[in-house]
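# Secondary and tertiary structure notes
If you want the building blocks of each chain, they are given just below.
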Amino acid sequence: MSLQFYNTLKKEKESFEPLSLREVTFYSCGPTVYNYPHIGNYRAYIFADILKRVLFYEGYNVNHIMNLTDVDDKTILNSRKEGKSLKEFTEFYTEEFLKDIKKFNILNPTKFTKATDYIDYMVDIIKKLMDKGLAYKSDDGSIYFNIRKFKNYGRLSHLVIENQKENASGRIVADEYEKDNVQDFALWKAWDPKDGDVFWDTILGKGRPGWHIECSAMSMANLGEQIDIHSGGVDNIFPHHENEIAQSEGVTGKQFVKYWMHNEWVLMDQKKMAKSAGTFIILNDLINKGINPLSYRLWLLMANYRTRVNFTWEVLEGAETALKRLYRGFLDLGDEVGTVNAEYQNKFKAFIEDDLDTPQALALVWDLLKDEEISNSDKRATLLDFDKIFGLSLENLKEEIIPGEIMKLVKERERARKNKDFKLSDELRDKIISLGYQIKDTEGGQKINKI
Ligand SMILES: [Zn+2]
């Protein structure tokens, strides 16, 4: 089977055929650095990471760009609220983001791009759109994209054209809006006193870019006019990605993206995560509860990326238990690395190539661990191979060092068992458990690990 991806544009799975065999060009929408992303936002970055690992696994080179939105409505509003310069404010959240993605074992993109480094490029695109009659300046000096002049508008989000015509009168200046509010959107926002000292003096006038033009500019500047894959959360389909298509294709006359891929939401209490509802959970909340961030990654792998998932602390704890069980099982295989088992690898590839079917691929891990026909060293090699995609950090896993105090109790228990003093042996086991360690009697002797 060949690699198949679900393309939002076509609403179906398609064989992946990159524009060039030399490398895959991939743009994924990154964070707006105005706050800590909640764990629902992280699904998009973990999804992009898994997608990229699949491409690597399939032997492709990948040129991956992820943007950092460091100027938009939210960054300006919040930096001003905190009395900080836009740069100081966004740099803080950028640094935090870069630290956090490491904890989720997300590989760095080829390049992170900051929107403020590409203002000239954005101005250039907007100027060209105006020259082509696709954009116009309004009375207030802001520049809007004229959606009626772009015949493919609505193609990605599958908007009904009739509705579009009815509602598409007027203009929208905000970066974010809903589908029923489809209107001409802002490419360039004329300076407003609310923007304070955030503005650029350009041939378009004094102002700042709209959010959507930023991604068009950063993608085209780094990856060219046409790219293979663009990813993001489903909430980016409209208006963000729809507008990116209008801007990019409006200026080049070429198809901007071949494969649009979107991950579904993480819900909490069946609703979107939101600060106001008290369902805004960030990575630090997990760490403060002693939960390994990779448990969250594992939990996401248990569902297809196109399925909505409902977060609860209970399901996350379930994933944490599964992660510990996997780590234990992996460590018990010993240090020797054998050969990747071809039969398991073929099954694994078939699942992964079928639009990233990670739940089925994960189920293979448990089958493999139980399989008595396969040697421990081959199991170890096969799991390490799978983990190139899962990214659960198996290669860095080491047998934990058990403190001397615990080892003393373990030795005493061994003596008690030799002397058939099972009462003492049980007492010692309870004591070891109460100190946070688990003890298992195996053929090779007692096995101890942290609970
Ligand atoms: Zn974007």
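Attention in this report is confined to the structure presented alongside it. All figures in this text were calculated on a predicted structure; none of them were measured in a lab.

### Comments concerning the environment of D285
- Mapped onto the elements of the fold, D285 is located in helix α8 (residues 283-288).
- A sequence separation of 247 residues divides D285 from H38, and the C-alpha atoms of the two residues are 9.8 Å apart.
- Residues within four places of D285 in sequence aside, it is in contact with F280 and W313.

### Focus: empty space enclosed by the protein
- This model, assessed by the stated rule, comprises 3 cavities of 30 Å³ or more.
- Empty space within the largest cavity amounts to approximately 110 Å³.
- Lining the largest cavity, in full, are R43, I46, F47, I50, L300, L301, A303, Y305, L356 and T358.
- Listing elements by their share of the lining of the largest cavity, those giving two or more residues are α1 (39-57) and α9 (293-301).
- Sorting elements by how many residues they give to the lining of the largest cavity places α1 first, with 4 residues.

### A look at the coordination of the zinc ion
- For the zinc ion, every protein donor is listed as C29 (SG), C215 (SG) and H240 (NE2), and the spread of their distances is 2.1 to 2.2 Å.
- Donor residues for the zinc ion sit on one chain with the sequence pattern C-x185-C-x24-H. Of this pair, C29 sits in the loop between β3 (24-28) and α1 while H240 sits in helix α7 (residues 237-252); the two residues are 211 residues apart in sequence, bridging distant segments of the chain.
- Classification of C29 as buried rests on a relative accessible area of 8%.
- On the basis of relative accessibility, which here comes to 1%, the residue H240 falls in the buried class.

### Quick notes on the side chain of E244
- You can see E244 is positioned in helix α7.
- No salt bridge is formed by the buried E244, whose closest oppositely charged neighbour, R155, lies at an N-O distance of 12 Å.
- Setting aside anything within four residues of it in sequence, one finds E244 in contact with C29, H212, C215, S216, H230, F256 and W260.

### Observations regarding the packing of α9 against helix α10 (residues 313-331)
- Between α9 and α10, the shortest axis-to-axis distance is 8 Å and the interhelical angle comes to 100 degrees. With respect to their mutual orientation, α9 and α10 come out roughly perpendicular. In contact with L294, S295, Y296, L298 and W299 of α9, α10 contributes V315, L316, A319, E320, A322, L323 and Y327.
- Looking at the contact of α9 with α10 residue by residue, the class counts come to 10 nonpolar, 1 polar and 1 charged.

### Some remarks on the sheet that holds strand β12 (residues 227-233)
- On the basis of which strands lie adjacent, the open sheet formed by 5 strands has the order β5-β4-β3-β12-β13 and parallel pairing. Since the sheet does not close on itself, it has two edges, and those belong to β5 (111-114) and β13 (257-263), each with one partner. Across the sheet, the mean angle separating the axes of adjacent strands is 25 degrees when strand polarity is ignored.
- When β3 meets β12, the two strands line up parallel, connected through 3 bridges.

### Section: the packing of α1 against helix α13 (residues 376-390)
- It is at 7 Å that the axes of α1 and α13 come closest, and there the two elements cross at 135 degrees. One element, α1, and the other, α13, form an angle in the oblique class. In contact with I50, R53, V54 and Y57 of α1, α13 contributes D385, D387, K388 and I389.
- When grouped by side-chain class, the residues that make up the contact of α1 with α13 number 4 nonpolar, no polar and 4 charged.

### Observations regarding α13
- Across its 15 residues, α13 extends 20 Å between first and last C-alpha, which sits within 8% of the 21 Å expected from 1.5 Å per residue.
- For α13, the complete set of buried residues consists of S377, K379, R380, A381, T382, L383, D385, F386, D387, I389 and F390.
- Buried residues along α13 sit against α1, α9, α10, α11 (342-353) and α12 (358-370).
- Just past α13, the residue G391 takes up positive phi, approximately 65 degrees.

### Concerning the layout of surface pockets
- In this model, the largest pocket occupies a volume close to 1300 Å³.
- If you trace the largest pocket, you find 47 residues lining it, with N41, E176, D235, N236 and K272 closest to the centre.
- Of all the secondary-structure elements, those providing two or more residues to the lining of the largest pocket are α1 and α7.
- Estimates place the volume of the second largest pocket at around 470 Å³.
- Lining the second largest pocket we find 20 residues, and of these K324, Y327, R328, E400 and K450 sit closest to its centre.
- Put simply, the parts of the chain that give the lining of the second largest pocket at least two residues each are α10, β17 (437-442) and β18 (445-450).

### Remarks on the side chain of E320
- Counting through the fold element by element, E320 comes out in helix α10.
- Buried and unpaired, E320 has no salt bridge, with K324 as the nearest side chain of opposite charge at 4.1 Å.
- In this structure the side chain of E320 is engaged in a polar contact, spanning 3.1 Å, whose partner is the backbone nitrogen of N292.

Definitions and limits used
Residues numbered from 1 in each chain as written. Predicted model: local features only at pLDDT ≥ 70, side-chain atom pairs only at ≥ 80, totals over all residues. Heavy atoms only, no water. Helix = DSSP H or I, 4+ residues; strand = E, 2+ residues; numbered from the N terminus. Contact = heavy atoms within 4.5 Å. 1 Å grid on protein atoms, 1.4 Å probe; cavity = no way out; pocket = protein on both sides within 12 Å on 5 of 7 lines; lining within 4 Å. Points joined across faces, edges and corners; volume = space filled by probe spheres on them. Donors = N, O, S within 2.8 Å, 3.2 Å for Na, K, Ca; no water. Buried < 20%, exposed > 50% of the residue type's maximum accessible area, 1.4 Å probe, protein only. Lys, Arg positive; Asp, Glu negative; His and termini not counted. Salt bridge = Lys/Arg side-chain N within 4 Å of Asp/Glu carboxyl O. Axes fitted to C-alpha atoms, helices over the stretch in contact; angles between N-to-C directions. Parallel < 35°, antiparallel > 145°, perpendicular 65-115°, else oblique. Nonpolar A, V, L, I, M, F, W, Y, C, P; charged D, E, K, R; others polar. Pairing = 2+ DSSP bridges. Expected span 1.5 Å × (residues − 1). Polar contact = N/O pair within 3.5 Å; in protein donor to acceptor, adjacent residues only side chain to side chain.

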